[in-house]
Amino acid sequence: MLLRHTKPDNGVEREALVINPAKTCQPIGAMYAALGIHNCMPHSHGSQGCCAYHRSMLTRHFKEPVMAATSSFTEGASVFGGQANLLEALGNIFSVYNPDIVAVHTTCLSETIGDDVAQITSKAIESGKVPEGKRVIYASTPSYAGSHVTGFANMVKGMVDGLAGKTGTTQNTVNIIPGFVEPSDMEEIKRISAEMGVKTIVFPDTSGVLNGPMTGKFHMYPSGGATIEQLAATGDSKATLALGPVASAPAAKALDVKFKVPCEVIELPIGITATDRFVDALHRLAGVNVPELINRERGQLLDVMTDMHQYTYGKKVAIAGDPDHIVPLVEFLIDLDMKPIHVVTGTPGKAIPKRLEKALERVGRDVNVKVPGDLFQLHQWIKAEPVDLIIGNTHCKYIARDEDTPLLRLGFPIIDRVGHQYFPTLGYKGGLRLLEKILGILMDRQDRDAPEEAFELVM
Amino acid sequence: MPDHAIHGLLEDRKGQVLETASGTEPTELRCGTRSAAGSVSQRACVFCGSRVVLYPIADALHLVHGPAGCAAYTWDIRGAMSSGPALHRHSFTTDLRETDVIYGGAAKLEKALRELIAKHAPNAAFIYSTCIVGLIGDDVDAVARRVSADTGIPVIPVKSEGFKGTKKDGYAAACDALMELVGTSPEAPRSVRGINIMGEFNLAGEAWMIREYFERIGVPVVTTLTGDARVETVRRAHTASANIVQCSGSMQGLAIELEKRYGQPYRRVSFFGLEDTAQAIYDVADLLSEFDPELPQRAAQLVGDEMARVLPAIEVFRRDMEGRRAAIYVGGAFKAHSLIKALRHLGMRTVVVGSQTGNSDDYKRLQQLCDPGTVIVDDSNPVELSRFILEKKADLLIGGVKERPIAYKLGVAFCDHNHERKIPLAGFEGMIHFAREVHGSVTSPVWRWTARNREVRA
């Protein structure tokens with residue numbers, strides 16, 4: 001549709017420009033993280049538009065109401081600072097919407113004019129804008145740095161900075177920071193841990209907030225989310241397991257530095273190898289054995305991988321996604337004997353190319369990698385060397401249509417399909433779901449394209 | 001108004017809500033004010049206003065100067081259809097980073113512009129300033145002048161810094177940008193005995209439907225502003241003899257400016273609902289009757305033909321809808337007027353009506369139009385909206401992306417009348433689609449499981 005008739009223009013190094021971004025800005029990640037706290041009102045300290053855009057985008061992705069307040073900056077606030085706006089906002093939020101906690105994130109506007117959110121928050125508490133027993137946390141999330149993933153990471157760290165404490169008695173719990181993943185994935189992490197008999201505090205936890213059931217009732221604050229008490233207790237846990245270095249490591253490291261809670265940072269458990277590492281880490285950190293049920297789930301995934309390996313063999317894949325997703329995804333694809341050949345993420349970060357390089361070691365050929373890159377770049381690569389499958393968010397559908405290549409939707413945002421809210425892609429079960437989707441897509445394509453005589457009933 | 005409806009509202013908000021009573025004069029509703037800080041407002045910003053107005057110009061380059069977010073959130077989210085080029089459906093951004101904020105982003109902007117113009121050969125370029133650009137003070141005008149001089153195409157800065165007001169100010173900034181183009185082609189003003197259709201963005205192909213009515217009665221349309229427009233047609237907008245303005249919130253300012261500059265008279269019209277569509281066609285016939293005395297007759301003929309076709313078609317739906325109640329929450333209040341009338345055709349009564357950006361006159365008119373006991377609200381929020389919907393026992397909410405899940409959570413039917421609609425709801429034909437949309441949602445069996453449990457909890 002958009003670029004169908006154009007030729008690839010490889011080798012053009014663009015520095016000043018992003019075409020069709022493979023990322024968005026920090027504040028939306030911070031807003032999403034804050035929704036993973038029970039009874040929490042996320043607050044956007046900036047112009048009204050930021051908050052409206054983030055709420056709209058999250059609503060499109062989750063098909064759920066998304067609540068968040070804004071400081072409603074005006075020209076005056078941008079000249080004189082946003083302190084008055086934030087003070088007024090906190091007063092209004094607590095008196096009208098009555099949350100237990102407000103999670104404030106900044107924007108490019110409030111950062112550039114130099115608002116000190118920490119100082120304004122203390123002032124709000126001193127001047128009685130924050131009622132007794134209510135809490136305010138904050139994170140610095142300027143839109144001109146990082147991406148939606150780092151914004152998420154910063155707000156999760158804000159939870160530790162603002163709420164975690166230590167009583168001196170270490171509890172038999174493991175903190176798990178699940179990263180910028182779906183509510184269904186957070187639910188799956190909790191299920192696997194529970195099956196293994198590990199006591200956990202999973203934070204943030206948007207399950208039950210953004211994948212709630214239809215009840216005929218509108219709750220400003222749905223029933224899910226990590227509670228303030230749980231977040232306060234994270235300093236007493238015996239360990240932290242951070243899933244995904246970009247999204248989860250900063251909070252895990254903060255718990256380590258402040259409260260000496262040892263942390264382990266691993267890749268998101270996408271696919272068999274990465275989930276093995278996750279299960280092993282839980283086993284070691286919590287001192288529990290792996291139960292039969294989990295072994296069985298692993299065996300089922302392996303069974304389908306075995307049964308169908310001829311269908312995945314050598315299939316070329318192009319990937320756009322967030323760094324913590326694409327590294328284990330690449331690993332999983334290689335385990336399936338597929339060839340990830342074009343890989344971009346919009347999120348900048350020095351460590352990301354190294355992680356990708358390591359994950360791509362076994363691919364056995366040259367791979368196009370761009371960090372940070374955009375979807376225009378990915379499209380040009382696909383034109384130069386076509387693939388059998390594209391994996392990425394909804395925005396990849398333009399490329400899929402132009403190049404007549406199937407798309408597996410994974411990542412953020414997915415605004416044209418449902419399912420991600422309810423069915424996980426993490427863990428062995430999630431791996432099985434991903435594999436089932438990949439196979440379905442490839443085999444549908446084979447059926448569609450097969451000549452009449454080669455059209456097979458049994459596959 | 002009765003206490004229960006405003007119970008729990010921010011003190012600040014009380015002047016912005018009222019409930020109509022019978023036999024009273026319309027009163028002043030406070031509006032056009034900024035939202036209280038800390039409210040969960042459904043409103044957007046200046047940039048948003050500018051972007052939605054200009055983006056349908058399909059052969060122009062739309063470059064968002066700022067961090068990637070502003071470009072990412074507005075990437076092809078409205079179905080403004082183009083019959084040809086699709087450059088507007090890409091997302092171009094300078095992706096300003098920390099160093100740009102410190103040292104300035106003008107050099108990056110210039111580089112990006114030159115590269116994109118060389119690559120895509122657009123017929124004009126719009127540069128949207130975001131919040132950050134207003135703060136770091138990039139000289140966007142100077143960059144635009146230089147690049148325009150070198151490339152020979154108009155390069156137009158849009159002063160759309162998010163914090164500089166409301167979405168309405170963004171509309172104004174977009175209209176200023178359009179004025180840079182209008183009148184730059186050599187033809188004489190008002191040399192075409194036709195019209196411009198302003199404030200029509202061709203969502204779901206609606207501009208094409210409306211255009212066709214005018215073609216049928218022999219009225220040429222010089223350009224639509226801006227649905228399926230091209231730079232060239234915008235440049236020739238001054239050649240039309242009159243203007244009609246559909247989304248008046250966004251483009252009335254431009255119509256006034258064109259009247260001043262080129263003597264083009266304009267009318268505020270609406271193409272939502274049967275009466276309003278008919279009135280719009282009559283208005284155009286009236287505006288142009290001095291050139292074509294038989295035009296009003298042809299207009300009447302067209303309206304008659306269409307009504308005869310549409311009325312029986314919606315009768316089927318009306319039977320199921322009779323007596324049901326609707327709530328409306330839309331961007332501009334003028335559209336709400338049309339919706340109330342359209343709903344009456346379906347036998348439905350409007351019990352709650354609000355907008356993000358309505359003005360005082362709009363709200364007075366709403367009070368006259370609505371039955372007693374209707375809640376009228378400016379710049380509402382989810383908690384208020386949900387309460388009003390339940391208290392007034394609405395069966396249907398008409399709104400946009402952020403309102404949809406609220407309605408669904410309450411077990412209330414929904415019709416998207418905002419930019420995410422997929423089906424043309426304008427014109428005579430649109431009334432049938434509207435009836436079908438509303439019917440499909442209101443009578444869905446899915447509500448059987450939830451209708452009894454409706455409740456709101458803050």
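What counts, and at which threshold
Residues numbered from 1 in each chain as written. Chains lettered and ligands numbered in written order. Predicted model: local features only at pLDDT ≥ 70, side-chain atom pairs only at ≥ 80, totals over all residues. Domains from an automatic or database assignment. Contact = placed C-beta atoms within 7 Å. Helix = DSSP H or I, 4+ residues; strand = E, 2+ residues; numbered from the N terminus. Nonpolar A, V, L, I, M, F, W, Y, C, P; charged D, E, K, R; others polar. Pairing = 2+ DSSP bridges. Axes fitted to C-alpha atoms, helices over the stretch in contact; angles between N-to-C directions. Buried ≥ 20, exposed ≤ 12 C-beta atoms within 10 Å, placed from the backbone.

What follows is about the domain arrangement of chain B. Residue and element names in this part refer to chain B. By the assigned domains, chain B splits into domain 1 (3-30 + 318-453), domain 2 (46-179) and domain 3 (195-307). Spacing between the C-alpha centres of domain 1 and domain 3 amounts to 27 Å. Between domain 1 and domain 3, the residue contacts involve 21 residues of the former and 19 residues of the latter. Elements represented by at least two residues in the side of domain 1 that touches domain 3 include exactly α14 (333-345) and α18 (427-442). Residue contributions to the side of domain 1 that touches domain 3 peak at seven residues, all from α14. Here the residues of the side of domain 1 that touches domain 3 are counted per class, giving nine nonpolar, seven polar and five charged.

Attention now goes to the interface of chain A and chain B. The interface of chain A with chain B comprises 60 residues on the first partner and 64 residues on the second. At the level of secondary structure, the elements contributing two or more residues to the side of chain A that touches chain B comprise β1 (18-19), α2 (48-62), β3 (69-70), α3 (75-80), α4 (83-97), α5 (108-112) and β8 (217-219) of chain A. In this sheet, strand β3 (residues 92-93) of chain B lies alongside β1(A) in antiparallel orientation, the contact comprising two bridges. Within β3(B), the position partnered with A:Val18 by the bridge is B:Thr93.

So, on to the sheet that holds strand β14 (residues 413-416) of chain B. Residues and elements named next belong to chain B. In space, the six strands of this open sheet follow the order β1-β12-β11-β10-β13-β14, with mixed pairing throughout. Each edge of the open sheet is held by one strand with a lone partner, namely β1 (17-19) and β14. Direction aside, neighbouring strands of the sheet carry axes that sit 15° apart on average. In the sheet, strand β10 (residues 325-330) pairs with strand β13 (residues 396-399) via three bridges, with the strands oriented parallel. Within β13, the residue paired with Ala327 across the bridge is Leu397. In the packing of α18 onto the sheet, contacts are made with β13 and β14, and the angle to β14 comes to roughly 155°.

Our next topic: the environment of A:Asn172. Residue and element names in this part refer to chain A. Checked against the element boundaries, Asn172 lands in the loop between α7 (148-163) and β6 (174-177). A C-alpha to C-alpha distance of 31 Å links Asn172 and Leu432, two positions 260 residues apart in sequence. Residues within four places of Asn172 in sequence aside, it is in contact with Lys199 and Lys238.

On to the domain arrangement of chain A. Residues and elements named next belong to chain A. Looking at chain A, the domain boundaries give domain 1 (26-163), domain 2 (174-295) and domain 3 (299-453). Computed over C-alpha atoms, the centres of domain 1 and domain 3 are 34 Å apart. Listed by partner, the interface residues are 10 residues for domain 1 and 12 residues for domain 3. Contributing elements (two or more residues each) for the side of domain 1 that touches domain 3: α2 and α7. With four residues, the single largest contributor to the side of domain 1 that touches domain 3 is α2. For the side of domain 1 that touches domain 3, the class distribution of residues is three nonpolar, five polar and two charged.

Before going further, it helps to examine the pairing of strand β4 (residues 124-129) of chain B. Residues and elements named next belong to chain B. Of all the six residues making up β4, six are buried; the element is thus mostly covered by neighbouring parts of the structure. On β4, burial covers both faces: Ala124, Phe126 and Tyr128 on one face and Ala125, Ile127 and Ser129 on the other are all buried. Note that strand β2 (residues 60-65) and β4 share six bridges and pair parallel. Bridged to Leu61 within β4 is Ala125. Two elements, β4 and strand β5 (residues 155-158), share four bridges in a ladder whose sense is parallel. Residue pairing for β5: Phe126 is matched across the bridge by Ile156.

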